Amino acid sequence: MKILVAYWTQTGNTEKIAEAIYDEIKEEKELKKLNEVDNLDGYDLAFIGFPINAFGPAAPGKKFLEKNAKGKNIALFITHAAPEDMEELQEWLARCKEPAVEANLVGFFDCQGELSEQIANILKKQEDPKLRAFGEMRDQTLGQPDASRVERARVFARETMKKFKG
Ligand SMILES: Cc1cc2nc3c(=O)[nH]c(=O)nc-3n(C[C@H](O)[C@H](O)[C@H](O)COP(=O)(O)O)c2cc1C
């Protein structure tokens, strides 16, 4: 059995989660950046991760899934600046699943990730008031994903593998 963990990251949060997931996999495995993956042939299961950008999947994650997810076993992991209990978040996460609609979705994980200072400053200058509001909430995201979220990602990896192997 061969497992892939692949991710796209801009500021390292999704990478941190990818590494925790990768650590927990006992089978033959590879850890790659999404742009290093041509397709998913030869993998029994692929954990694919990316952040939310502008209320939906970051473009590289969306494009990758649209091109490669059909008919494959996929587990998604997503990071976002929004707190996990924010109401609109469920809608944004649903949008992250859409490009994988033709895949067999084996698992799904999400957690909060720190909004970098640079990104917060960019967001604060956007026209969209919702994006500006995001820029203002950087302080509430500092230090994420923290140890408890990384641990949650480890549990997710173990449980997804258990479920997948039956
Ligand atoms: C252009 C841009 C737009 C973003 N839009 C959202 C958003 O709509 N909702 C949200 O919760 N986080 C948003 N974020 C924050 C990121 O999803 C969050 O910081 C994530 O953990 C970054 O992951 P990374 O460190 O792997 O790049 C946005 C970040 C960027 C750069």
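Here goes a summary of the coordinates provided. (Residues numbered from 1 in each chain as written. Predicted model: local features only at pLDDT ≥ 70, side-chain atom pairs only at ≥ 80, totals over all residues. Heavy atoms only, no water.)

### Quick notes on helix α1 (residues 13-24)
- Across its twelve residues, α1 extends 18 Å between first and last C-alpha, which sits within 8% of the 16 Å expected from 1.5 Å per residue.
- Here α1 has its buried residues at N13, T14, I17, A18, A20, I21 and E24. Projected onto a plane normal to the axis of α1, the buried residues spread over an arc of 160° and lie on a single side.
- Where the residues of α1 are buried, they touch β1 (2-7), β2 (28-33), β3 (45-53), β5 (73-80), β6 (104-112) and α6 (147-165). (Helix = DSSP H or I, 4+ residues; strand = E, 2+ residues; numbered from the N terminus. Expected span 1.5 Å × (residues − 1). Buried < 20%, exposed > 50% of the residue type's maximum accessible area, 1.4 Å probe, protein only. Arc of directions from axis to C-beta. Contact = heavy atoms within 4.5 Å.)

### Details of helix α3 (residues 89-97)
- The set of residues buried in α3 consists of L89, W92, L93 and C96. Angularly, the buried residues of α3 cover 100° about the axis, an arc narrow enough to put them on a single face.
- Lining the buried residues of α3 we find β3, β4 (56-57), α2 (59-68), β5, β6 and α5 (129-136).

### Concerning the site of the ligand
- Near the ligand lie 21 residues; those nearest to it are T9, Q10, T11, T14 and I52.
- At 2.6 Å from an oxygen atom of the ligand is found a side-chain nitrogen or oxygen belonging to T14.
- Taking F55, its main chain carries an N or O atom lying 2.7 Å from an oxygen atom of the ligand.
- Contact with the protein chains covers 92% of the free accessible surface of the ligand, which is 650 Å².
- Counting only elements with at least two residues in the shell around the ligand, the list comes to α1, β3 and β5. (Near = heavy atom within 4 Å. Polar contact = N/O pair within 3.5 Å; in protein donor to acceptor, adjacent residues only side chain to side chain. Areas by Shrake-Rupley, 256 points an atom, 1.4 Å probe, with all protein chains shown as cover.)

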